[in-house]
Amino acid sequence: MPQYFRDSPESLVPDALAGFAAAHADLVAYHPDHGYLRARHPAPTRRVGLVSGGGSGHEPLHSGFIGMGMLDASCPGRIFASPHNRQIFEASRAVAGPGGVLHIVKNYTGDRINFGIAAERLHHEGIACARVLIDDDLATDSDDIAVGRRGTGATLLIEKILGAAADEGRGLDELAALGAELTGRARSLAVAAAAHTAPASGAPAFGLPEGVLEFGVGIHGERAEGTTPHAPLGKLVETMTDQLLAALPDGSRSRVLALVNGLGSITSLELYGIRHALAKALDTRDVALDRSLTGTFVSALDMRGFSLTLLASDAETLRLWDAPARTPAWPL
């Protein structure tokens, strides 16, 4: 069974955070006492601080996107576990601007609870706080799921667009409204041929028969409702594309911004092939691919799979997307 390179299961995350901060010391500062990282050089025009976070194991999300044009701070939890509300509170207090702080939260119970507690503490200190809840995962779009859709790949796209808007000096309410509107026109779907390796045991989180894909897997290794035969790539991407387009709001399916995202152990060779298949699928459906981003940005440790995210685009969305950003992991 695969084994992680680490001193111990307990040291994996803190050692990685210390190494990350040292490697990017020109861009980020690490506050180990309170467990958060913050940008060293935020835009001076920003009135509202942007804070996100979540379980470790999804790198480079979120800490890789701290810096000018994106996040002011990130709060990494333990592997696949929410950060503590104390981390979120301290990070938010440190980066709040005169207009307050905006939390960008993936829709998981632990994240919602801990960001909510932190927001209450901020309110008691007189710091304005609002939340954007990311719930883009198409596989969990069901009335039978009480917590609603999970937050996945669209998180990165929304962090980038909100970061550009915040750099323009927009206020808290305006940013929160923009985030909610963006989330409403973004959907993601993930497939996997093999589960991630559990760091504590070195065993796969779940097993799959040969030639079968988990269709609709979660970024924490959550099983999908069903599996599908490992079809040729073009057919698989067409199926995913049709489902994603159908889930976008009516009247907003003619232009999209896309994320082709690796879940951990898939190769760049495969990812660019997936991007090619997606472009062909969109073209045959008369959908313009305005922008795309390809690579591993929202991983699930070493899961062998990929996700597709489509965000209905327009001129204003693209203007904000194209705005400059400088963070450890932003490629443009």
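Just so we're clear, the structure is a prediction, and the values are computed from it rather than from any experiment. (Residues numbered from 1 in each chain as written. Predicted model: local features only at pLDDT ≥ 70, side-chain atom pairs only at ≥ 80, totals over all residues. Heavy atoms only, no water.)

1. Some details on the pattern of salt bridges
Here the structure, examined in full by the defined rule, presents 21 salt bridges. Between Glu-90 and Arg-93 there is a salt bridge, with the nearest N and O atoms lying 3.0 Å from each other. Residue Glu-90 and its partner Arg-93 are located together in helix H2 (residues 85–95), separated by 3 residues, close to a single helical turn. Given a relative accessible area of 36%, Arg-93 falls into the partly exposed group. (Salt bridge = Lys/Arg side-chain N within 4 Å of Asp/Glu carboxyl O. Helix = DSSP H or I, 4+ residues; strand = E, 2+ residues; numbered from the N terminus. Buried < 20%, exposed > 50% of the residue type's maximum accessible area, 1.4 Å probe, protein only.)

2. Quick notes on the UniProt feature "domain: DhaK" (unreviewed entry) in the chain
Here the UniProt feature "domain: DhaK" (unreviewed entry) sits at residues 8–330. With 33% helix and 24% strand, residues 8–330 has its two end C-alpha atoms placed 30 Å apart. (UniProt positions renumbered as here; feature names shortened; annotations may be inferred.)

3. A word on the packing of aromatic side chains
This model, assessed by the stated rule, comprises 3 aromatic pairs. Ring centres of Phe-65 and Phe-297 lie 6.5 Å apart, and the angle between their planes is 40 degrees; this geometry places the pair in the tilted category. One end of the pair, Phe-65, is in the loop between strand S3 (49–56) and strand S4 (73–79); the other, Phe-297, is in the loop between strand S11 (288–295) and strand S12 (304–312), and 232 residues separate them in sequence. As far as the burial class goes, Phe-65 and Phe-297 line up, both buried. Among the aromatic residues, those joined into a cluster by ring pairs are Phe-65, Phe-297, Trp-321 and Trp-330. Over the ring of Phe-89 we find Arg-121, and its NZ or CZ is 3.9 Å from the ring centre. (Phe/Tyr/Trp six-rings, centres within 6.5 Å; stacked < 30°, edge-to-face > 60°. Lys NZ or Arg CZ within 6 Å of the ring centre and 35° of its normal.)

4. Considerations on the environment of Val-28
By the secondary structure assignment, Val-28 is in strand S1 (residues 28–31). Separated by 11 residues in the primary sequence, Val-28 and Ala-39 place their C-alpha atoms 4.7 Å from one another. When near neighbours in sequence (up to four residues on either side) are disregarded, Val-28 contacts Phe-20, Ala-21, Leu-37, Arg-38, Arg-40, Ile-66 and Pro-328. (Contact = heavy atoms within 4.5 Å.)

5. A word on the environment of Ser-56
By the secondary structure assignment, Ser-56 is in strand S3. Given a relative accessible area of 5%, Ser-56 falls into the buried group. Taking C-alpha positions, Ser-56 is 9.3 Å from Cys-75, a pair spaced 19 residues apart along the chain.

6. Considering helix H7 (residues 268–284)
Helix length check: H7 (17 residues) gives 24 Å between terminal C-alpha atoms against 24 Å at 1.5 Å per residue, within 8%. Here H7 has its buried residues at Leu-271, Ile-274, Ala-277, Leu-278, Ala-281 and Leu-282. Each buried residue of H7 sits inside an arc of 135 degrees when the element is viewed along its axis, so together they form one side. Looking at H7, the residues exposed on the side facing more than 90 degrees away from the buried face are Ser-268, Leu-269, Lys-280, Asp-283 and Thr-284. For H7, the elements touching its buried residues are helix H6 (233–247), strand S10 (255–262), S11 and S12. Phi for Asp-286, located one or two positions after H7, is positive at around 60 degrees. (Expected span 1.5 Å × (residues − 1). Arc of directions from axis to C-beta.)

7. Examining the sheet that holds strand S9 (residues 226–229)
Strand order in the open sheet made by the 6 strands is S9-S8-S7-S12-S10-S11, with mixed pairing throughout. Both edges of this open sheet fall to S9 and S11, since each of them pairs with a single strand only. Ignoring which end each strand starts from, the neighbouring axes of this sheet average 20 degrees apart. Lying on the sheet, helix H5 (residues 172–184) is in contact with strand S7 (186–194) and S12; it crosses S7 at an angle near 55 degrees. The strands touched by H6 within the sheet are S7, strand S8 (212–215), S10 and S12, with S7 carrying the most contacts at an inclination of about 155 degrees. (Pairing = 2+ DSSP bridges. Axes fitted to C-alpha atoms, helices over the stretch in contact; angles between N-to-C directions.)

8. Topic: the state of the cysteines
Summed over the entire model, instances satisfying the criterion amount to 0 disulfides. In this structure Cys-75 is not part of a disulfide, and its nearest cysteine sulfur, from Cys-129, lies 11 Å away. A relative accessible area of 25% places Cys-129 in the partly exposed class. (Disulfide = S-S within 2.5 Å.)

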